[in-house]
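A look at the structure
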Amino acid sequence: MIPFNRPYTTGREFDYIRQAISSGHISGDGAFSRKCQSLLEEITGCSRALLTTSCTDALEMTALLLNIRPGDEVIVPSFTFVSGANAYALRGAKIVFADIRRDTLNLDETRLEALITPRTRAIVAVHYAGVACAMESMLAIAAGHSVAVVEDNAHGLLGRYRGRPLGTFGALATLSFHETKNVSCGEGGALLINDPAFVERAEILREKGTDRSRFFRGLVDKYTWVDLGSSFLPSDLLAAFLYAQLEARDSIQAARRRVWTVYRDRLCDWAASHGVSLPYVPDDCEQPYHMFYLILPTAESRDALIAHLKTRGVMAVFHYVPLHLSAMGLQAGGYPGQCPVTEDVSGRLLRLPFFNGLDESDQARVVEAVLEFSPEPR
Ligand SMILES: *Cc1c(COP(=O)(O)O)cnc(C)c1O
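All residue numbers here refer to positions counted from 1 along the written sequence of the relevant chain. Where local features are concerned, this predicted model is filtered to residues with pLDDT of at least 70; where side-chain atom pairs are given and counted, the filter is 80 or more; whole-chain, interface and lining totals use all residues. To obtain the side-chain values, all non-hydrogen atoms of the structure were included, while hydrogens and water were left out.

1. Here's the deal with the overall build of the protein chain
Formally: Only DSSP runs of H or I with at least four residues qualify as helices, and only runs of E with at least two residues qualify as strands; both kinds are numbered from the N terminus onward. With a 1.4 Å probe rolled over the protein chains alone, any residue whose accessible area is under 20% of its type maximum counts as buried; one over 50% counts as exposed, and the rest are partly exposed. Computed by Shrake-Rupley with a 1.4 Å probe, the accessible areas treat only the displayed protein chains as cover when residues are assessed.
Across its full length, the protein chain holds 13 helices and 12 strands. Taking the principal axes of its C-alpha atoms as reference, the protein chain extends roughly 70 × 55 × 35 Å. Within the span of the protein chain, comprising 378 residues, buried residues form 56% of the whole. Roughly 15700 Å² of accessible area belongs to the protein chain as shown, and the carbon and sulfur atoms make up 53% of that amount.

2. Brief notes about helix H5 (residues 135-144)
Quick note on the threshold: Taken from the helix axis, the directions to the C-beta atoms give the arc we talk about.
Every buried residue of H5 is listed here: Met135, Met138, Ile141 and Ala142. The buried residues of H5 all sit within an arc of 135° when viewed along its axis, so they share a single face. Among the exposed residues of H5, those oriented more than 90 degrees off its buried face are Ala140, Ala143 and Gly144. After H5 finishes, the residue Ser146 shows a positive phi value of roughly 50°.

3. Some points on helix H8 (residues 236-247)
Residues spaced three or four apart along an α-helix face the same direction, because each turn holds 3.6 residues. So the rule is basically this: Residue count minus one, scaled by 1.5 Å, sets the expected span of a helix. Note on contacts: a residue pair is in contact if any heavy atoms of the two residues lie within 4.5 Å.
Under the 1.5 Å per step criterion, the end-to-end length of H8 is 16 Å for 12 residues, consistent within 8% with the ideal 16 Å. The buried fraction of H8 is high, at nine of 12 residues. When we look at burial in H8, the residues that qualify are Asp236, Ala239, Ala240, Phe241, Leu242, Tyr243, Ala244, Gln245 and Leu246. On its buried face, H8 sits against helix H1 (13-23), helix H2 (31-44), strand S1 (48-52) and helix H9 (249-274).

4. Remarks on the packing of H2 against H8
To keep things clear, this is the line we draw: The angle between two axes is taken between their N-to-C directions and runs from 0 to 180 degrees, where each axis is a line fitted to C-alpha atoms and a helix contributes only its stretch in contact. The sense of a crossing depends on the near helix, which, turned anticlockwise from the far helix by less than a right angle, makes the crossing left-handed and, turned clockwise, makes it right-handed. Polar here means any residue other than Ala, Val, Leu, Ile, Met, Phe, Trp, Tyr, Cys and Pro, which are nonpolar, and Asp, Glu, Lys and Arg, which are charged; Gly is therefore polar.
Interaxial distance between H2 and H8 falls to 7 Å at its minimum, and their mutual angle equals 35°. By crossing handedness, the relation of H2 to H8 is classed as left-handed. Facing Ala31, Phe32, Ser33, Lys35, Cys36, Leu39 and Leu40 of H2, the residues of H8 in contact are Asp236, Ala239, Ala240, Leu242, Tyr243, Leu246 and Glu247. The residue makeup of the contact of H2 with H8, split by class, is 10 nonpolar, one polar and three charged.

5. So, the pairing of strand S4 (residues 120-126)
Spelled out, the test is: One requirement defines pairing of two strands: DSSP has to find at least two bridges between them. The handedness rule is simple: strands pointing away from the viewer, and a clockwise path from the first strand over the helix to the second, make the crossover right-handed.
Summarising burial for S4: six of the seven residues are buried, a large majority. Two strands pair when backbone bridges link them, and strand S2 (residues 73-77) and S4 are joined in this way by three bridges, in the parallel orientation. Across the sheet, the residue bridging to Glu73 is Thr120, located in S4. One ladder, built from five bridges, connects S4 with strand S5 (residues 148-152); its direction is parallel. The residue of S5 that forms the bridge with Val126 is Asp152. A crossover connection joins S4 to the parallel S5 through H5; in handedness this β-α-β unit is right-handed.

6. So, the site of the ligand
Our working definition: Summary of the distance rule: residues count as near a molecule or strand when at least one heavy atom falls within 4 Å of that molecule or strand. As used in this structure description, the phrase polar contact means that two N or O atoms lie within 3.5 Å; if the pair is within protein, one of them must be able to donate a hydrogen and the other to accept it, and residues adjacent in sequence are counted only when both atoms belong to side chains.
In the neighbourhood of the ligand, 14 residues make up the surrounding shell, with Thr56, Asp152, His155, Ser176 and Lys181 lying closest. Cys55 is positioned such that a nitrogen or oxygen atom in its backbone is 2.9 Å from an oxygen atom of the ligand. Ser176 is positioned with one of its side-chain polar atoms (N or O) 2.8 Å from an oxygen atom of the ligand. Considering the ligand on its own, with 380 Å² of exposed area, one finds that the protein chains cover 93% of that surface. Across the shell around the ligand, the residue classes break down as five nonpolar, seven polar and two charged.

7. Remarks on the packing of H1 against H8
Look at H1 against H8: their axes get within 8 Å of each other, and the N-to-C directions meet at 145°. In this structure, the crossing between H1 and H8 has a hand that is right-handed. Contacts between H1 and H8 involve Glu13, Tyr16, Ile17, Ala20 and Ile21 from the former and Asp236, Leu237, Ala240, Phe241, Tyr243, Ala244, Gln245 and Glu247 from the latter. Its residues assigned to classes, the contact of H1 with H8 shows nine nonpolar, one polar and three charged.

8. Side note on the state of the cysteines
Under the convention used in this document: Note on terminology: pairs of cysteine sulfur atoms within 2.5 Å are recorded as disulfides.
Here the structure, examined in full by the defined rule, presents zero disulfides. There is no disulfide at Cys36, and the cysteine sulfur nearest it, in Cys185, is 7.9 Å away. For Cys36, a relative accessible area of 0% gives the class buried. There is no disulfide at Cys46, and the cysteine sulfur nearest it, in Cys36, is 13 Å away. Judged by relative accessible area, which is 6%, Cys46 ranks as buried.

Below you can see the structure in the form of structure tokens.
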């Protein structure tokens, strides 16, 4: 079976983990955490990068930093991972579900204004597949209403919009280093801070609500409980693993570009003649080759293609189930028909195997298996 994802190692991970162990510091904020953070700051140009144990944790930190509380509203695309909504629901916010654009599958900025009320505090911008949201108009709308933009950039490290790195548009942004992401340490993430006003408090929240970071810099003579917080920082063992991957980002991206381009080149004629859509990347977006998806003409043909590929030893998967129709989403006020594009596309989308080590012969098998399939027209 060709899996949907297979974890990848560069070869240096064990070396760095061994170094972390011999350094005598394997808890959070050791030498490798600092190296990863500096590298992320250098790559993106954000004011401050803080490693977290997941993108989910980084999103929870954004909710704390923005002082989200009961009665507040946060606008979240329905077509995203649960953590983008859950992080704010945990603070008591009402989640307002936004629909997506048909082309990029990103939050539809043309319908954003209509969702904003005097209680709106934040908009979560998810760059689906690492292809940027229309940041220019989204930021203008947010600024017009004094609403914060948080970029959930779990897919988009190394992606750009109009030349500028993703993760540097919102006041805050998050990254994921989960096993399925381009650069990984199994479970991990980061908070990227672009508004320096958040830096000091973010360090406190991440250190269980204490001023421990200031203590280590010699700014206070003991550390104590000063704010809300939790334990959001990963072990330096994970940071050591992650550093090996971040260092290898150019070769990782080259491998992924090859995989993406082969899929596009070999499937575009088949797609055009069968009413199947391939990923759309606007000219002002540089994508980080996070995934390759197909949008089939119908939900039935999508399910049939997944089943067909399984018989050929290929694991293809669907993606987000609309949040507004989930059990929690319905409780939050979601209803059928609220986000029609999300409802339509999520039933028809399929992701092909995509990972750094997908070799040419395995990928050729995937392509051949797809080409054998003729979807029923819509
Ligand atoms: C993977 C992902 C997350 C969650 O990442 P974790 O690191 O597993 O918490 C959040 N948002 C999006 C868009 C993701 O793809």
